[in-house]
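A look at the structure
Chain by chain, the residues run as shown.
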Amino acid sequence: MSVLLGSWHYEGRPVDLARAKELGAPTRRYAADADSYLVSGSLCFGYQLLSTHDRDWSSREPYTDAHGNVAAFAGRLDNHHELAGLLGLRSAATPDVRLVLEAYRRWGEESFTQLIGDWSLALWCAEHGKLFLARDHAGTQSLFYRTRSGSVVWSTYLETFLADGASPELDREYAARYLACVPTKSLTPYAGIWEVPPGAYVRFDHGATRIMGHWTPVTEDRIRYRTDGEYEQHFFHLFRQAVERRTANGATIVAELSGGMDSSAIVCMDDYAKRERFGPDAPLLDTLSYFDDGEPNWNEKPFFTAVEEARGKRGIHIATSYRRRDFSVPDRAYPLPGIDGSAAAWERALEEHFRSHEKRVVISGFGGDELLGGPSNPVPALADALVERRFGRLREGLVQCSIAERITVWQMLYEAVHSAYGHPWSKGPDRATLPPWLRISGSIPARTTSGWMGEAAGKLPSTRDSVAMWHSVMETLPHRLPGLLTRREYRYPILDRDLVEFLLRVPSDQLRRPGERRSLMRRALGSLIPIAVMQRTRKAFLQRGPIRLLDENRGVISSLFDSSALGDLGLIDASYLRKMVQHDGIVSLAQHRKPLMRAIHLELWLRARLTPETRALREPHESVYLEQSSVSA
Amino acid sequence: MRMRLIVRCWLSLLWTDIRLRVQEYPAVRSFLLRRRTSDRTPIQNPAMLSEAMDLASIFYLRRLSPLHRALCHTLLLRDHGWPAELVVGLQLLPAESYAWVEVDGVPVHERAGALDTFQVIDRCCSIGRRERSV
């Protein structure tokens, strides 16, 4: 993923090139193909290229037009043909960044809605003296910003903000949300540093900052076809398009193949498209599969090998285990919590695979469970019937869903009424499920009605459910959990905007049917996916490993909280937590597994950050990616 | 016929509920071991009985525990001539228990794969007309 960075002193203080390069130094290693800076008065735009597709136009970014507007664009614009046509330009000869600027000149702030693909951008409007930072609908590329002392600084990675020796304060709301396992939204662990929300742009007008949406998952339009076959054809076309957009020429790509429906469908669809286009000898995607023979509930090997046999190509297999984690403090500071000291060794081993196969991009099947009709939640559809007074459908649905879920119709009806007329999606933590050692009262607002959630208030329960589901997908995308040493570009075919807009609009009984999850996907792609995967009855999941890890490391965890940074901050009762870890049974550990892991990770992160000798973010880093090829300034 | 079967299932659920409330599992288990499979000709399709159980259970007074459902289902199948066994399984991590019904070693009315993670810890065999299980 290429890196955007820059700063704007809106009070007029000039920027010099040396300062601009200083800003770019910490992220140079992540995008080492080229870097370039544009400095003009109080404005500085930086761009560090990691070429990952054939429309990367390195020498032209940051791009300035004849009117003095400046833009830097990271990512991929999938509708460049259509956009160039609308703007009267030739797609093949026009870099994406120029299309972005031309679109802005034509449509103003509405132009961000027109951009389809995986992208993030920074854009300076010279005429109005405004700066815009924007991300695509799904937030597939990160982009952070900070406003302080009359200036705005932005960057793809948080390292930029930590490079000048500053040690920003911990954001208490972020910490509370992280510990309580509720969405952290656009917060970062650092007070005053924010992430541009997915599907939104931030407008800086001198001292005023405003966040505006350019895309929303909130929709009550429904696609209605006469036959199942029409839904299947439409889905097939969009799914193929989503995969082809992300596997086109220009970068060496590896696809994660877990053996589940989503990753298998992506790989098989790519094979199908390539063979149709280039013949039976077409070069196929390389795949990467993880397995753990010690985890009885995560036996993925038979399924990903079935896919490999069907496509006639063996992938990279990596043995992994949750129990490799050791809860040690990493030897360097890192921007986000979520790892421990064992991460570096694991990343180095993984990096060897990537380097030896010259891979730069990972294709992930993320989002399939939520968007394609995975585990069912029938309540919103019943609540819709209640709100719309379709009592025949409600009666029928109550009986069918109660049987499928094995609960009584009375309980199902209560859930539907609650979903229809209650406040079913308060994003505050559920106090009853919080572990007793958390001390976060008052740190998290009880209800959130801003952004998409606010937009969806008053809509049908199924619409609100879709929006909440979309939020949960955004929170858990793997690129949001960077490691200690490396940053990778992830592409998510299932989050393709055209596909997502289709899936949010089709009737829910197309996506899942009683006894058949992912119904539409199975019907549309059944001929491509091996039978072993199609007949798979349940998705594998890690259960035993995490609990055994906690059980076997009670002493280590307990000593970690002997002098707890989280305890000092008043976010946890460290002595209570220690007692629980030392004396509680395995059932209690399992019950609070997730918040306990979160507490451990945040404690490790704070320690790595607070220990002076481990503040390695400012020190020379080991080179973990490609050699630097060129530098332009 | 169908309605009569559903009502019978509902009453059977009530009866087994009371039994499970007043007796511990060992007592229920010994009762089940003593309960023979009926000698009458089995109903053609035990799925009919399962469907009736489904409908009775969704209109029951409260949500059924797996043991409650399996116990009632086992008794009804035996009453209708099928040598049903009540099986209790345990999953270690995370700890979870479950109970289901088997006829001739085949789970009855369970989703495929739903029992994969459970290890059988008890099996209440059917003694009666068709066969004697171990």
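Residues numbered from 1 in each chain as written. Chains lettered and ligands numbered in written order. Predicted model: local features only at pLDDT ≥ 70, side-chain atom pairs only at ≥ 80, totals over all residues.

Right, let's get into the overall build of chain B. Within chain B, the regular secondary structure consists of four helices and six strands. The C-alpha atoms of chain B give a radius of gyration of 14 Å, which matches the 14 Å a tight globule of 134 residues would have. Over its C-alpha atoms, taken along the principal directions, chain B stretches across nearly 45 × 35 × 30 Å. Looking at chain B residue by residue over its 134 residues, the buried ones come to 28%. Summarising the internal contacts of chain B: among those between residues at least 6 apart in sequence, 73% fall at separations of at least 24. (Helix = DSSP H or I, 4+ residues; strand = E, 2+ residues; numbered from the N terminus. Rg over C-alpha atoms; globule rule 2.2 N^0.38 Å. Buried ≥ 20, exposed ≤ 12 C-beta atoms within 10 Å, placed from the backbone. Contact = placed C-beta atoms within 7 Å.)

Secondary structure assignment for chain A yields 26 helices and 17 strands. Partitioning the contacts of chain A with sequence separation of at least 6, the portion at a separation of at least 24 is 70%.

Per-residue pLDDT for chain B has a mean of 86; in total, 91% of the residues score no lower than 70. Low pLDDT (under 50) marks residues 129-134 of chain B, which in the prediction has eleven contacts with non-local residues, meaning those over four places away or in another chain. (pLDDT = per-residue confidence, 0-100.)

Okay, the sheet that holds strand β12 (residues 208-213) of chain A next. All names here are of chain A. An order of β4-β5-β6-β7-β11-β12 is seen for the six strands of this open sheet, with the pairing classed as antiparallel. With partners counted over all chains shown, the strands left at the sheet margins are β4 (63-64) and β12, one partner each. Lying on the sheet, helix α3 (residues 96-107) is in contact with β4, β5 (70-77) and β6 (117-125); it crosses β5 at an angle near 120°. (Pairing = 2+ DSSP bridges. Axes fitted to C-alpha atoms, helices over the stretch in contact; angles between N-to-C directions.)

As a further point, take the packing of helix α12 (residues 379-387) of chain A against helix α13 (residues 391-405) of chain A. All names here are of chain A. Remark: α12 packs on α13, axes separated minimally by 9 Å, with the N-to-C direction vectors making an angle of 160°. One way to sum up the angle between α12 and α13 is to call them roughly antiparallel. Between α12 and α13 lies a crossing whose hand is left-handed. Note on element contacts: α13 touches α12 through R393, L394, G397, L398 and C401, opposite A381, L382, A385 and L386. (Parallel < 35°, antiparallel > 145°, perpendicular 65-115°, else oblique. Left-handed = near helix turned anticlockwise from the far one by under 90°.)

Here we take up helix α8 (residues 261-278) of chain A. Residues and elements named next belong to chain A. Between the first and last C-alpha of α8 there are 25 Å, a value that for 18 residues agrees with the 26 Å anticipated at 1.5 Å per step. Residues of α8 that are buried include every one of M261, D262, S263, S264, A265, I266, V267, C268, M269, D270 and D271, and no others. Immediately beyond the C-terminal end of α8, within one or two residues, lies G279, with a positive phi of roughly 95°. (Expected span 1.5 Å × (residues − 1).)

All names here are of chain A. In terms of residue burial, strand β7 (residues 130-135) counts as a mostly covered element, since five of its six residues are buried. In terms of strand pairing, β6 meets β7 through six bridges, oriented antiparallel. Counterpart to L121 in the pairing with β7 is A134. Here β6 folds back onto β7 in antiparallel fashion, the turn holding four residues, of which G129 has a positive phi close to 65°. Direction of pairing for β7 relative to strand β11 (residues 200-205): antiparallel, over a ladder of four bridges. Of the residues in β11, the one forming a bridge with L133 is V202.

With that settled, consider the domain arrangement of chain A. Residue and element names in this part refer to chain A. For chain A, the assigned domains read domain 1 (3-213), domain 2 (218-361 + 477-633) and domain 3 (379-474). Using C-alpha coordinates to define each centre, domain 1 is positioned 26 Å away from domain 2. Taken together, the elements giving at least two residues each to the side of domain 1 that touches domain 2 come down to β2 (34-40), α5 (159-162) and α6 (172-180). In terms of residue class, the side of domain 1 that touches domain 2 is built from 21 nonpolar, eight polar and seven charged. (Domains from an automatic or database assignment. Nonpolar A, V, L, I, M, F, W, Y, C, P; charged D, E, K, R; others polar.)

Detailed reading of predicted coordinates is not advised where the pLDDT is low. All names here are of chain A. Within chain A, residue pLDDT values average 85, and 89% of them lie at 70 or more. Within chain A, the lowest mean pLDDT, 66, falls on helix α15 (residues 451-456), and the highest, 96, falls on β7. This model gives residues 613-633 a pLDDT under 50, and the stretch forms 37 contacts once residues within four places in sequence are excluded.

Residues and elements named next belong to chain A. Taken in spatial order, the six strands of this open sheet run β2-β3-β1-β9-β8-β10, and their pairing is antiparallel. Since the sheet does not close on itself, it has two edges, and those belong to β2 and β10 (193-195), each with one partner. For this sheet the average axis-to-axis angle between neighbouring strands, irrespective of direction, equals 15°.

Further remarks concern the nonpolar core. Residue and element names in this part refer to chain A. The biggest cluster of nonpolar side chains holds 67 residues, and the ones touching the most others in it are A71, V100, L133 and W154. Setting aside residues up to four positions removed in sequence, W154 forms contacts with L4, L5, G6, A122, L133, L143, F144 and Y145. Listed in part, the 46 residues of the second largest apolar core include A138, F239, I253 and L371. (Core = buried A, V, L, I, M, F, W, Y, C linked by C-beta atoms within 7 Å.)

Residue and element names in this part refer to chain A. Along the chain, L23 turns up in helix α1 (residues 17-24). Owing to 23 C-beta atoms within 10 Å, L23 belongs among the buried residues under this scheme. Excluding anything up to four places from it in sequence, L23 contacts L5, S7, G46 and T160.

Residues and elements named next belong to chain A. Of note, C181 is a non-glycine position whose phi angle comes to about 60°, a positive value. By secondary structure assignment, the location of C181 is in the loop between α6 and β10. Look at R389: it is not a glycine, yet its phi comes out positive at around 60°. In this fold, R389 is placed in the loop between α12 and α13. Residue classification places R389 among the exposed residues on the basis of 8 C-beta atoms within 10 Å.

A few words on helix α9 (residues 301-311) of chain A. Quick reminder: α-helices carry 3.6 residues per turn. Residues three or four places apart thus point the same way. All names here are of chain A. Within the span of α9, buried status applies to F303, F304, V307 and R311. Down the axis of α9, the buried side of the element spans an arc of 95°, and every buried residue falls inside it. In α9, the exposed residues that point more than 90 degrees away from the buried face are P302 and E309. The inward-facing, buried residues of α9 abut α8, β14 (286-291) and α20 (531-534). (Arc of directions from axis to C-beta.)

The next thing to look at is the pairing of β11 of chain A. Residues and elements named next belong to chain A. Direction of pairing for β11 relative to β12: antiparallel, over a ladder of six bridges. Counted as the bridge partner of F204 is T209 from β12. What sits between the antiparallel neighbours β11 and β12 is a turn of two residues, in which H206 has the positive phi angle 55°.

Our focus in this paragraph is the environment of L83 of chain A. Residue and element names in this part refer to chain A. As for its position among the elements, L83 is in helix α2 (residues 80-87). Taking the C-alpha atoms as reference, L83 lies 29 Å from Y157; in sequence the two are 74 residues apart. Residue contacts for L83: discarding those within four places in its chain leaves L77, L99, A103 and Q114.

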